[in-house]
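# Secondary and tertiary structure notes
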Amino acid sequence: MGVEGCCNKKVMEEEALVKKITGLAAAIGELPSLSPSPAVNALFTELVTSCIPASTVDVDALGPEAQEMRARLIRLCADAEGHLEAHYSDLLAAHDNPLDHLTLFPYFNNYIKLSQLEHGLLARHVPGPAPARVAFLGSGPLPLSSLVLAARHLPDASFDNYDISGEANERASRLVRNDADAGARMAFRTADVADVTTELAGYDVVFLAALVGMAAEEKARLVEHLGRHMAPGAALVVRSAHGARGFLYPVVDPEEIRRGGFEVLTVHHPEDEVINSVIIARKAAAPAAVAADGDVPVNNGGMPAQCAVAVSRPCLGCACELGTRAHQKMKEMAMEEMEA
């Protein structure tokens, strides 16, 4: 096949994918509820499995109509994720120690994979002592990212989990109420990230959930806000998307991270069932000042005492690393609950 034939095939494949996603978005938009159910699970399973394979589609280059569809779809995914996390948070809270039953969540293994990926990238690109204070922005009612990080990667760190919803934080706090270690290290703070200022300077690493700031302009303003208030040398982990996965999550341009005052250290696009891309960045150090005698530079920036990092959090239940097996398990569990 010649170059022209390859190009035509590529265009046809992209058009077919956009047409399929458009149909699924319309069907999802017509659902009476996005709470877990066989119908909801089936549509989102088909959506995710359609978006996971490698694709040459550039979602930022789509026409206006397709862009509007994509924006609506991302918000629908966010709503469905919220319902899913709230549902399983309530199920877990019914146990004496919810943390002993996290595997009930159908995507728990995906959180494990994303956590390992992000922790590995951080350790490689931001070497140093483990962070003492971690912030997770957009933690939701089921803060599995923080819980996995705390238990498996950062056993001595404290975590401040921020969410704009007080109801989400109330649900999340119930999960650690009977665990002395997690209860002591996990705090849940209700706030709009745009209103969090001086606190940001106290964190060694800040994790930004994929659905915090869904429009490109919102994300850019948020990153700029973090750049103004985070400590020089502190690490930032941003979840993004690539290719067709950009129909599920916002795509973050690394240049926006740089313009926000950060050094972009690496951008990783997974090719497996882990949906989110990962951007690892570091707040630029303040420029060195000149001492009074004009000879010895005084470093007012530099790295904070704790600067190595780790991360996590998947989703479509905002933990969105969706695998086919996980989807099947969720379907089975939902049907069992309806029959009970």
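Structure shown above.
Just so it is clear, the structure is predicted and the values come from calculations on it, not from any experiment.

### Remarks on the overall build of the chain
Helices and strands together make up the secondary structure of the chain, namely 10 helices and 9 strands. Considering only contacts in the chain between residues 6 or more positions apart, those separated by 24 or more positions represent 79%. For the chain, the accessible surface area stands at approximately 15,200 Å², while carbon and sulfur atoms represent 53% of it.

### Considering the nonpolar core
L226 and I257 are the most contacted members of the largest nonpolar core, which totals 64 residues. Tallying contributions element by element places helix α4 (residues 108-125) first for this core, with 6 residues. Residues from two domains meet in this core; each of domain 1 (9-93) and domain 2 (108-283) gives at least three. Look past the residues within four positions of I257 in its chain and what remains in contact with it is V223, V238, V252, F262, V264, I279 and A281. Formed by 34 residues, the second largest nonpolar core is a distinct cluster that contains M69, L76, C77 and A241.

### Re the state of the cysteines
Going through the model one piece at a time under the given rule, you end up with 0 disulfides. You can see C51 has no disulfide; the closest cysteine sulfur is in C77, sitting 7.9 Å from it. The exposure class assigned to C51 is buried, which follows from its relative accessible area of 1%. For C77, a relative accessible area of 1% gives the class buried.

### Describing the environment of E170
In this fold, E170 is placed in helix α6 (residues 166-174). Once the C-alpha coordinates of E170 and P141 are considered, the two residues, 29 residues apart in sequence, prove to be 7.5 Å apart.

### Things to note about the pattern of salt bridges
Evaluated as defined, the whole model comprises 13 salt bridges. Of the charged contacts, one joins R185 and D181 as a salt bridge, the two residues approaching to 3.0 Å between their closest N and O atoms. Of this pair, R185 and D181 both sit in helix α7 (residues 180-185), 4 residues apart, roughly one helical turn. Residue R185 is classed as buried on the basis of its relative accessible area, which comes to 13%. Given a relative accessible area of 44%, D181 falls into the partly exposed group.

### Some details on the packing of aromatic side chains
Counted by the stated rule, this structure contains 5 aromatic pairs. Geometrically, the ring pair formed by Y88 and F105 is edge-to-face, given 5.3 Å between the ring centres and 90 degrees between the ring planes. One end of the pair, Y88, is in helix α3 (residues 64-93); the other, F105, is in the loop between α3 and α4, with 17 residues separating them in the sequence. One exposure class covers both Y88 and F105, and it is buried. Among the aromatic residues, those joined into a cluster by ring pairs are Y88, F105, Y107 and Y111.

### A word on the side chain of E85
Along the polypeptide, E85 turns up in helix α3. Side chain to side chain, E85 and Y111 meet in a polar contact 3.5 Å long.

### As for helix α2 (residues 38-51)
Its 14 residues place the ends of α2 20 Å apart at the C-alpha level, agreeing with the 20 Å of an ideal helix rising 1.5 Å per residue. Of the positions making up α2, those classed as buried are V40, N41, L43, F44, T45, L47, V48, S50 and C51.

### What about the side chain of S146?
As for its position among the elements, S146 is in helix α5 (residues 144-153). A relative accessible area of 1% means that S146 is categorised as buried. The residues contacting S146, other than those within four sequence positions of it, are F136, F159, N161 and M186.

### Quick word on the packing of α4 against α5
The packing of two helices is summarised by the inter-axis angle and the distance between the axes. Packing of α4 against α5 brings their axes to within 10 Å, and their N-to-C directions diverge by 65 degrees. Of the two possible hands of crossing, α4 and α5 adopt the one that is right-handed. For the pair α4 and α5, contact is made by F108, Y111, I112, S115, Q116 and H119 and by L144, S145, V148, L149, R152 and H153, respectively. Across the contact of α4 with α5, the residue classes tally to 6 nonpolar, 5 polar and 1 charged.

### Structural notes on the pairing of strand β5 (residues 235-240)
Two faces belong to every sheet, and in a regular strand the side chains alternate between them. Counting buried positions along β5 gives 6 out of 6 residues, so the element sits mostly inside the fold. Covered by surrounding structure in β5 are A235, V237 and R239 together with L236, V238 and S240, the residues of both alternating faces. Alignment of strand β4 (residues 205-208) against β5, held across 4 bridges, turns out to be parallel. Across the sheet, residue L208 finds its bridge partner in β5, namely V238. Once the chain exits β4 it traverses helix α8 (residues 216-229) before rejoining the sheet at β5, and the crossover so formed is right-handed.

What counts and what doesn't
- Residues numbered from 1 in each chain as written.
- Predicted model: local features only at pLDDT ≥ 70, side-chain atom pairs only at ≥ 80, totals over all residues.
- Heavy atoms only, no water.
- Helix = DSSP H or I, 4+ residues; strand = E, 2+ residues; numbered from the N terminus.
- Contact = heavy atoms within 4.5 Å.
- Areas by Shrake-Rupley, 256 points an atom, 1.4 Å probe, with all protein chains shown as cover.
- Core = buried A, V, L, I, M, F, W, Y, C linked by side-chain atoms within 4.5 Å.
- Buried < 20%, exposed > 50% of the residue type's maximum accessible area, 1.4 Å probe, protein only.
- Domains from an automatic or database assignment.
- Disulfide = S-S within 2.5 Å.
- Salt bridge = Lys/Arg side-chain N within 4 Å of Asp/Glu carboxyl O.
- Phe/Tyr/Trp six-rings, centres within 6.5 Å; stacked < 30°, edge-to-face > 60°.
- Polar contact = N/O pair within 3.5 Å; in protein donor to acceptor, adjacent residues only side chain to side chain.
- Expected span 1.5 Å × (residues − 1).
- Axes fitted to C-alpha atoms, helices over the stretch in contact; angles between N-to-C directions.
- Left-handed = near helix turned anticlockwise from the far one by under 90°.
- Nonpolar A, V, L, I, M, F, W, Y, C, P; charged D, E, K, R; others polar.
- Pairing = 2+ DSSP bridges.
- Right-handed = clockwise from strand over helix to strand, strands pointing away.

These figures come from the coordinates and say nothing about function on their own.
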